Amino acid sequence: MDSRHWIDGAWVTGTDRFASLNPADGSVVGHAAEGGRAEAEAAIAAAHAAFNRPDWAQNPRLRQSILLGWADRLDAQAEDLARLLTLENGKAIAQSRGEIAGAISEIRYYGGLARHVPGHVLEVEPGVLSTMLREPAGVAALIIPWNAPAVLLARAIGPALACGCTVVVKPAAQTTLLTAAFLRALSEVPGLPRGVCNMVSETGHAAAARLVDSPLVDVVSFTGSTATGKRIMVAAADTMKKLSLELGGKSCCVVFPDVDPAETAARIATAATIISGQQCTAARRVLVHASAFDAMKTHLRAALAAMTVGNGLDPAIRMGPLIDRPARDQVQTQVERAFDSCNEVLLRGGVPPDAPAAASFLTPSLVVHDDPSAFFCQDEIFGPFVVLERFETEAEAVAKANNTVFGLSASVWTRDGARALRMARALRNGTVWINDHNRLFAEAETGGYRQSGLGRLHGYDAFADFTELKHVCQTVGTIG
């Protein structure tokens, strides 16, 4: 299986290629074209030219038709795409199927909105009309991560294309084949103008860097680490780009004693190990009321220990490998440091003894600690690692949960509806779930407070990241 660059309507083979590896066993899934600055320049030029033609930016009916046609083609390939996602990313096949379905749903959602990007008109004084037009911002660079490459592509490209932007997609090297397969389906939709969508793949950073600093790129949408997001902000400052950034997180689950500890622990364990813990909204800290702490220790340890780990293509597996060996080794190093300094190790995860030598498996870990300023309570450890903490009062729970530079997501577990809402209002996070975790919808905006990012994706407000608001003032006079 191979993929190429997609530039100005043509699939282009580069002079070099790189291998995409299956993290479950190190085998080669396929090869992708290796690109860099030159390919990025060509893709940007194509997108810029396409935006300046009226056949896309000013044609909402065409945009809707293209997006809905794309979703139909993806739907017909859903099972093959899910299998490819598991081969490249390693996640359990059930998660891959859910992600592909979610991405298709997202594209259909924005296809439905493509013909509804309205402005408004005000009569500011007699005979003077102020018309507010929401216009596409221009060329959008979409830098897509590897952990959920289908749905994170869809939630960025959906609003970008629906509102009339043209795009250059830069996928993560580890999941380039999946991104290319998605975009190949788009390229086959009749009527798509050339240059509206482009893709450049690479293992390095030269193409991404050019997307960020090019004066012809108007918007950068990036999902990834806070450290990389900060570098993008600096690089984009000279050209004053619009930025849509979803960055790191350290999600807290706040658990009160009126919920069933076994059921809650099982659901939090699932939330902590989704994509092998490689999701920015994954449950990472579990704050438990003191009266329920011992029960939660027992049940959460058991739930994490029972997590089946192995090749994601096996339907009995609930957690696959981490994305690659360097990522696995980095997480393992951080976890081992946490073991040395935490109050108590409840579950000591590690590399399974029967794992293939080239694989990147890591089993879940659970520790207890009482100091929320510890590095492993503050830093985003991107793997299956959970910290258990206790609290006595609602105020203490809020203070501990908000003691972080992040603010992406959290959850509250209680049967008391008033308490749930009090806590949700007090937690400084872009998303707060009640008696649930990791539920995301095309219709509901998500994004972070503080160092978890800028802007919102999903929902109608995602258009704000890809549009400009233009004020047109006209004096028309009055009659009589």
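The model shown is predicted, which means the values in this text are computed figures rather than measured ones. (Residues numbered from 1 in each chain as written. Predicted model: local features only at pLDDT ≥ 70, side-chain atom pairs only at ≥ 80, totals over all residues. Heavy atoms only, no water.)

A. Geometry of the overall build of the protein. A tally of regular secondary structure across the protein gives 15 helices and 21 strands. Against the 2.2 N^0.38 benchmark of 23 Å for 480 residues, the protein shows a C-alpha radius of gyration of 23 Å, consistent with a compact globule. For the protein, the spread of C-alpha atoms along the principal axes amounts to about 75 × 65 × 40 Å. Burial analysis of the protein (480 residues in total) assigns 56% to the buried set. In the protein, once contacts between residues fewer than 6 apart in sequence are set aside, the share between residues at least 24 apart is 73%. (Helix = DSSP H or I, 4+ residues; strand = E, 2+ residues; numbered from the N terminus. Rg over C-alpha atoms; globule rule 2.2 N^0.38 Å. Buried < 20%, exposed > 50% of the residue type's maximum accessible area, 1.4 Å probe, protein only. Contact = heavy atoms within 4.5 Å.)

B. Structural view of the sheet that holds strand E7 (residues 128-136). Pairing within the open sheet is antiparallel, and its three strands lie in the order E6-E7-E21. The sheet is open, and its two edges are formed by strand E6 (120-125) and strand E21 (467-475), each paired on a single side. Strand after strand, the sheet turns through a mean of 25 degrees between neighbouring axes, direction not considered. The pairing of E7 with E21 spans nine bridges and is classified as antiparallel. (Pairing = 2+ DSSP bridges. Axes fitted to C-alpha atoms, helices over the stretch in contact; angles between N-to-C directions.)

C. A look at the pattern of salt bridges. Scanning the model with the defined rule gives 21 salt bridges in all. Across the pair Asp213 and Arg210 runs a salt bridge whose closest N-O atoms are separated by 2.7 Å. Of the two residues, Asp213 and Arg210 are both situated in helix H8 (residues 206-213); the distance of three residues between them amounts to about one turn of the helix. Judged by its relative accessible area of 31%, Asp213 falls in the partly exposed class. The salt bridge partner of Arg267 is Asp436, with a shortest N-O separation of 3.5 Å. Placement of the pair is Arg267 in helix H10 (residues 261-273) and Asp436 in the loop between strand E19 (431-434) and strand E20 (453-454), with a sequence separation of 169 residues. With relative accessibility at 34%, the residue Arg267 sits in the partly exposed group. Bridged by salt links that share partners, the residues Arg37, Glu41, Arg210 and Asp213 form one connected network. (Salt bridge = Lys/Arg side-chain N within 4 Å of Asp/Glu carboxyl O.)

D. Representation of the packing of aromatic side chains within the structure. Taken as a whole and assessed by the stated rule, the structure comprises eight aromatic pairs. Both rings, one in Trp6 and one in Trp11, keep their centres 5.2 Å apart while their planes meet at 5 degrees; by these two values the pair is stacked. Its relative accessible area of 3% is what places Trp6 among the buried residues. What makes Trp11 buried here is its relative accessible area of 15%. Here Phe376 and Phe385 contribute two aromatic rings whose centre-to-centre distance is 6.3 Å and whose plane-to-plane angle is 90 degrees, an arrangement assigned as edge-to-face. Ring pairs connect the aromatic residues Tyr109, Tyr110, Tyr460 and Phe463, which therefore count as one cluster. Over the face of the ring belonging to Phe375 we find Arg337, whose NZ or CZ atom lies 3.9 Å from the ring centre. (Phe/Tyr/Trp six-rings, centres within 6.5 Å; stacked < 30°, edge-to-face > 60°. Lys NZ or Arg CZ within 6 Å of the ring centre and 35° of its normal.)

E. Summary view of the sheet that holds strand E4 (residues 16-21). Taken in spatial order, the three strands of this open sheet run E1-E5-E4, and their pairing is mixed. Strand pairing shows two members of the sheet lacking a second neighbour, strand E1 (2-3) and E4, which therefore form its edges. Where E4 lies against strand E5 (residues 28-34), six bridges are found, and the strand directions are antiparallel. Within E5, the position partnered with Asp16 by the bridge is Glu34. Against the sheet, helix H7 (residues 176-187) engages E1, E4 and E5, with an angle of about 70 degrees to E5.

F. Local environment of H7. With twelve residues, H7 extends 16 Å from end C-alpha to end C-alpha; this agrees with the ideal 16 Å at 1.5 Å per step. A large share of H7 lies buried, amounting to nine of its twelve residues. Taken as a whole, H7 has its buried residues at Thr176, Leu177, Leu178, Thr179, Ala180, Phe182, Leu183, Ala185 and Leu186. (Expected span 1.5 Å × (residues − 1).)

G. View of the pairing of strand E17 (residues 385-391). Most of E17 is tucked away, with six of its seven residues classed as buried. As judged from the five bridges shared by strand E14 (residues 283-289) and E17, these two strands associate in the parallel manner. Paired with Leu287 across the bridge in E17 is Glu389. For strand E16 (residues 365-368) and E17, the ladder comprises four bridges, and the chain directions are parallel. In the sheet register, Ser365 faces E17, and the bridge partner there is Phe385.

H. Geometry of unusual backbone geometry. At Asp8, a position not held by glycine, the phi torsion is positive, near 55 degrees. The residue Asp8 is located in the loop between strand E2 (5-7) and strand E3 (10-12) in this model. Look at Ser276: it is not a glycine, yet its phi comes out positive at around 60 degrees. Take Ser276: it is sitting in the loop between H10 and E14. Note on Ser276: relative accessible area 2%, which makes it buried.

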